[in-house]
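Breakdown of the fold
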Amino acid sequence: MAVEIAAPRPLTFLAVALATAFLFSAVRQHTRRLLRRSRWLLVALFVAYALSLPGVPLLPAWGWMSPSAAGLEAGALRVARLLLLLGGLAVLLASTARPLLLQGLYVLAKPLAWLGLDRRAFAVRLGLTLEYAEAAKDRAWRASLDLSCPDDGHPSFVSLPVLNWQTRDSAVILAALLLPGLTWAWG
């Protein structure tokens, strides 16, 4: 959330902090994969912002098809924010094992139980989705659509590690809650 509400100056600080993570090959690998999968979304967002926001047209001869300076700036800022979010996701995926990631989401989803969310079903579905996505990453996407899910008759089990709550967990959550306010105040 800090990336979404931060002014451009704090975004530069976040980008420099994230760039240090690219020293690790696992983070670079995850980042490349995420960027490859989301490249058309990024292009579409940039073009949509550039062409749809009102402002002084940069190419008046093009008429209504001309991008505006405000649209190009807003599109570049939106793409930069999404690139920072994808970089943060790459760091998370590279530094956290899948069972620990699922356990963390399971624990963090506890307050959503008040709204009726079954967090066990959420964790199991997410775990199975990640497992199938990982198994299908080496196949072409059209071939993945043609394959049916194998049913060997045996039930599948998803087990999550049970970890005790530690003081550092509370500190990290507190920092995550305070970071958006600090970046907003700084900007």
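First, a word on what this report is: a plain description of the structure on this page.

Regarding its fold elements, the protein chain presents eight helices and zero strands. Along the protein chain, helices (α) and strands (β) appear in the sequence α-α-α-α-α-α-α-α when read from the amino end. For the protein chain, the residues scored as buried account for 21% of the 187 residues in total. For the protein chain, contacts bridging at least 24 residues in sequence account for 63% of all contacts bridging at least 6. Carbon and sulfur atoms make up 68% of the accessible area of the protein chain, which totals about 13,700 Å².

Right, let's talk about the packing of helix α3 (residues 25-52) against helix α4 (residues 69-95) for a bit. Running from N to C, α3 and α4 cross one another at 160 degrees; their axes reach a closest spacing of 9 Å. As the angle between them shows, α3 and α4 are arranged roughly antiparallel. The two elements α3 and α4 meet at a crossing, and its hand is right-handed.

The biggest cluster of nonpolar side chains holds six residues, and these are Val3, Ala6, Leu11, Leu14, Leu18 and Leu84. Counting residues per element, this core draws most heavily on helix α2 (residues 8-19), at three residues. In this structure Leu84 touches Val3, Leu11, Leu14, Ala15 and Leu18, once residues within four positions along its chain are discounted.

Attention now moves to the packing of α2 against α4. Angle between the axes and distance between the axes: these two values describe a pair of packed helices. As a packed pair, α2 and α4 sit with axes 11 Å apart at the nearest point and diverge in direction by 30 degrees. Crossing handedness for the pair α2 and α4: left-handed. Every residue of α4 that contacts α2 at Pro8, Leu11, Leu14, Ala15 and Leu18 is listed here: Leu77, Arg81, Leu84, Gly87, Gly88 and Val91. The residue makeup of the contact of α2 with α4, split by class, is eight nonpolar, two polar and one charged.

For the rest of this paragraph, the subject is a nonpolar patch on the surface. Side chains of Trp40, Val43, Phe46, Val47, Leu51, Leu58, Leu59, Trp62, Trp64 and Met65 sit close together on the surface and give an oily, nonpolar patch of about 1,100 Å² of accessible area. Turning to its location among the elements, Val47 is positioned in helix α3.

Cut-offs applied
- Residues numbered from 1 in each chain as written.
- Predicted model: local features only at pLDDT ≥ 70, side-chain atom pairs only at ≥ 80, totals over all residues.
- Heavy atoms only, no water.
- Helix = DSSP H or I, 4+ residues; strand = E, 2+ residues; numbered from the N terminus.
- Buried < 20%, exposed > 50% of the residue type's maximum accessible area, 1.4 Å probe, protein only.
- Contact = heavy atoms within 4.5 Å.
- Areas by Shrake-Rupley, 256 points an atom, 1.4 Å probe, with all protein chains shown as cover.
- Axes fitted to C-alpha atoms, helices over the stretch in contact; angles between N-to-C directions.
- Parallel < 35°, antiparallel > 145°, perpendicular 65-115°, else oblique.
- Left-handed = near helix turned anticlockwise from the far one by under 90°.
- Core = buried A, V, L, I, M, F, W, Y, C linked by side-chain atoms within 4.5 Å.
- Nonpolar A, V, L, I, M, F, W, Y, C, P; charged D, E, K, R; others polar.
- Patch = residues over 30% accessible without salt bridge, like charges linked within 9 Å, V, L, I, M, F, W, Y side chains within 5 Å.
- Salt bridge = Lys/Arg side-chain N within 4 Å of Asp/Glu carboxyl O.

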